[in-house]
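Each chain, letter by letter, is given below.
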Amino acid sequence: MFEGETLFMKEKLFRMVFRLSVVVVGISFLLFLGGGCTPPLVFTGSIQGVVTDNQSSEPLVGALISAGNVSTTSDASGNYILNKVPIGDREVTAVLEGYYSQTKTVEIIENEIIELDFQLIPLSQENQRVVMVELFVAPTCPNCPKAKDAMAQLLEQYGFDKLVVLEEYGWDIEPDYAGWATAETIDRFKWYTDSLGISRHTPDTYFNGLNQSVHHSESSYNNYKAAIDEELAKAPKINILVSSSVDIANLTVSINGSIENISSENLTDLVVGVMIYEDSVYLGSEGKNVNHVVRDIINSEEIISFTPGAIQEFNLSSEILNNVKNMNNIHVVVYVQAPNSPTKEILQVAYVE
């Protein structure tokens, strides 16, 4: 090959490589502009409303209202507006020091303003949310004693005005440990686990229905405490007044009282429930007395609609408590539950002295 032909081929190759490089750079630049840097479109709407005191109806200034990463505060008239909230179902929370927080769910529609008011309930002993802990155990469960000890420590810390602990035996171990579970506790355990789509293990713990749960592999004092604190931060919706009488001779308990809707919501599909438990029952597998052993569960008829300010009376009686060892060690817990709600929420609970 001649020298001139060699130079010609080199120049031709250089031009081809150069053109290819220009094409690659151009495509990369277009991809950079069109794909990597342009943020996706976010469709949004707005929420506005008024934040007031549930008891006095006075406007509340400085309440923090948030929906995801979007937040604002209420003005001197209690008014607020949240802009640029992404469309779809959103949880909106109002928080103010000295009041229970309140969370509501709304559907945000593109370019529309949704009206959403909050009525916050002042913190007070009279309006205290009480947490009902259902600790599901078994007679020979190896990890249950530690869970029971943690609950006993927490009950001592919080007291009965904030916390009620119930030990429900999920099954018996025949023949040595018969009579610990009842048909009601077995069915209740299955009701909860079927709703969650999980199998039954002990100790499993549920707080105010299925609002919070700590399963057997997660059992610890810290996890229990975190769940309790989460529930205590919520505003109460129900007030319970109750009394009971124990008939030692006939092995029965009678319970009567009333519930009041102290919220601003119309509550639906509620039941008043009663759990009767026994303290100081000797459990051979643990070599000691155990407490809070549920012996009977009673439910009222369903309350279809419960409007704000409404009062509903109830009168309930236990079955004959043949499984009780000592009727002098009987205690009564009354609770209001929404069994058809997604979390089967327990709205309030009261321990009867």
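Just so it is clear, the model here is predicted, and its values are computed rather than measured. (Residues numbered from 1 in each chain as written. Predicted model: local features only at pLDDT ≥ 70, side-chain atom pairs only at ≥ 80, totals over all residues. Heavy atoms only, no water.)

Section: unusual backbone geometry
Reasoning step 1: Across the junction of Glu 174 and Pro 175, the peptide omega takes the value -5°, indicating a cis bond.
Reasoning step 2: The omega torsion of the bond from Thr 202 to Pro 203 falls at -5°, within 30 degrees of zero and hence cis.
Reasoning step 3: Inspection of the secondary structure assignment puts Pro 203 in the loop between helix H3 (183–196) and strand S11 (204–207).
Reasoning step 4: With phi around 65°, Asn 111 is a residue other than glycine that occupies positive phi space.
Reasoning step 5: Considering the arrangement of structural elements, one finds Asn 111 in the loop between strand S6 (102–108) and strand S7 (113–115).
Reasoning step 6: For Asp 269, which is not glycine, the phi dihedral falls at a positive 55°.
Reasoning step 7: By the element assignment, Asp 269 lies in strand S15 (residues 267–278). (Helix = DSSP H or I, 4+ residues; strand = E, 2+ residues; numbered from the N terminus.)

Notes on the side chain of Ser 300
Reasoning step 1: Inspection of the secondary structure puts Ser 300 in the loop between strand S18 (293–299) and strand S19 (303–306).
Reasoning step 2: When sequence neighbours within four positions are dropped, the list of residues in contact with Ser 300 reads Val 271, Val 272 and Leu 316. (Contact = heavy atoms within 4.5 Å.)

Focus: the confidence of the model for the protein
Reasoning step 1: With 88% of its residues at a pLDDT of 70 or more, the protein shows a mean pLDDT of 89.
Reasoning step 2: Predicted confidence for residues 1–8 stays below pLDDT 50, and this span has one contact to residues more than four positions away or in other chains. (pLDDT = per-residue confidence, 0-100.)

Here we look at the environment of Asn 315
Reasoning step 1: Assignment of secondary structure puts Asn 315 in strand S20 (residues 311–317).
Reasoning step 2: Along the chain, Asn 315 and Gly 257 lie 58 residues apart, while their C-alpha atoms are 6.7 Å from each other.
Reasoning step 3: Beyond its immediate sequence surroundings of up to four residues, Asn 315 is in contact with Ile 255 and Asn 256.

Section: the state of the cysteines
Reasoning step 1: For the structure on display, the rule yields one disulfide.
Reasoning step 2: Disulfide partner of Cys 141: Cys 144, at an S-S distance of 2.2 Å. Judged by the sign of its S-S torsion, about 95°, the bond between Cys 141 and Cys 144 is right-handed. The same class applies to Cys 141 and to Cys 144, which are both buried. (Disulfide = S-S within 2.5 Å. Buried < 20%, exposed > 50% of the residue type's maximum accessible area, 1.4 Å probe, protein only.)

Brief notes about the sheet that holds strand S2 (residues 64–67)
Reasoning step 1: What the four strands build is an open sheet, ordered S3-S2-S5-S6; its pairing is antiparallel. Both edges of this open sheet fall to strand S3 (70–73) and S6, since each of them pairs with a single strand only. The average undirected angle you get between the axes of adjacent strands in this sheet is 20°.
Reasoning step 2: Two elements, S2 and S3, share four bridges in a ladder whose sense is antiparallel. (Pairing = 2+ DSSP bridges. Axes fitted to C-alpha atoms, helices over the stretch in contact; angles between N-to-C directions.)

Examining the packing of aromatic side chains
Reasoning step 1: For the structure on display, the rule yields ten aromatic pairs.
Reasoning step 2: Geometrically, the ring pair formed by Tyr 80 and Phe 118 is tilted, given 6.3 Å between the ring centres and 50° between the ring planes. Taken together, the positions of Tyr 80 in strand S4 (residues 79–86) and Phe 118 in strand S8 (residues 118–120) put the pair 38 residues apart, joining distant regions of the chain. The same class applies to Tyr 80 and to Phe 118, which are both buried.
Reasoning step 3: Ring geometry for Tyr 169 against Trp 180: centres 5.1 Å apart, planes inclined by 45°, an arrangement best described as tilted. Separated by eleven residues along the polypeptide, Tyr 169 in strand S10 (residues 163–169) and Trp 180 in the loop between S10 and H3 bring together distant segments of the chain.
Reasoning step 4: A relative accessible area of 0% means that Tyr 169 is categorised as buried. (Phe/Tyr/Trp six-rings, centres within 6.5 Å; stacked < 30°, edge-to-face > 60°.)

Re H3
Reasoning step 1: With 14 residues, H3 extends 20 Å from end C-alpha to end C-alpha; this agrees with the ideal 20 Å at 1.5 Å per step.
Reasoning step 2: Those residues of H3 that sit buried are Thr 185, Arg 188, Phe 189, Tyr 192 and Thr 193. All buried residues of H3 fall inside an arc of 120° around its axis, so they share one side. Among the exposed residues of H3, those oriented more than 90 degrees off its buried face are Ala 183 and Asp 187.
Reasoning step 3: Note on H3: the residue one or two positions beyond its end, Gly 197, has a positive phi of about 70°. (Expected span 1.5 Å × (residues − 1). Arc of directions from axis to C-beta.)

Some details on helix H4 (residues 221–232)
Reasoning step 1: Counted at 1.5 Å a residue, the expected span for H4 with its twelve residues is 16 Å, and the 16 Å between its end C-alpha atoms agrees.
Reasoning step 2: Listing the buried residues of H4 in full gives Tyr 224, Ala 227, Ile 228, Glu 231 and Leu 232. Down the axis of H4, the buried side of the element spans an arc of 135°, and every buried residue falls inside it.
Reasoning step 3: Lining the buried residues of H4 we find strand S9 (131–137), helix H2 (144–158), S10, S11 and strand S12 (212–214).

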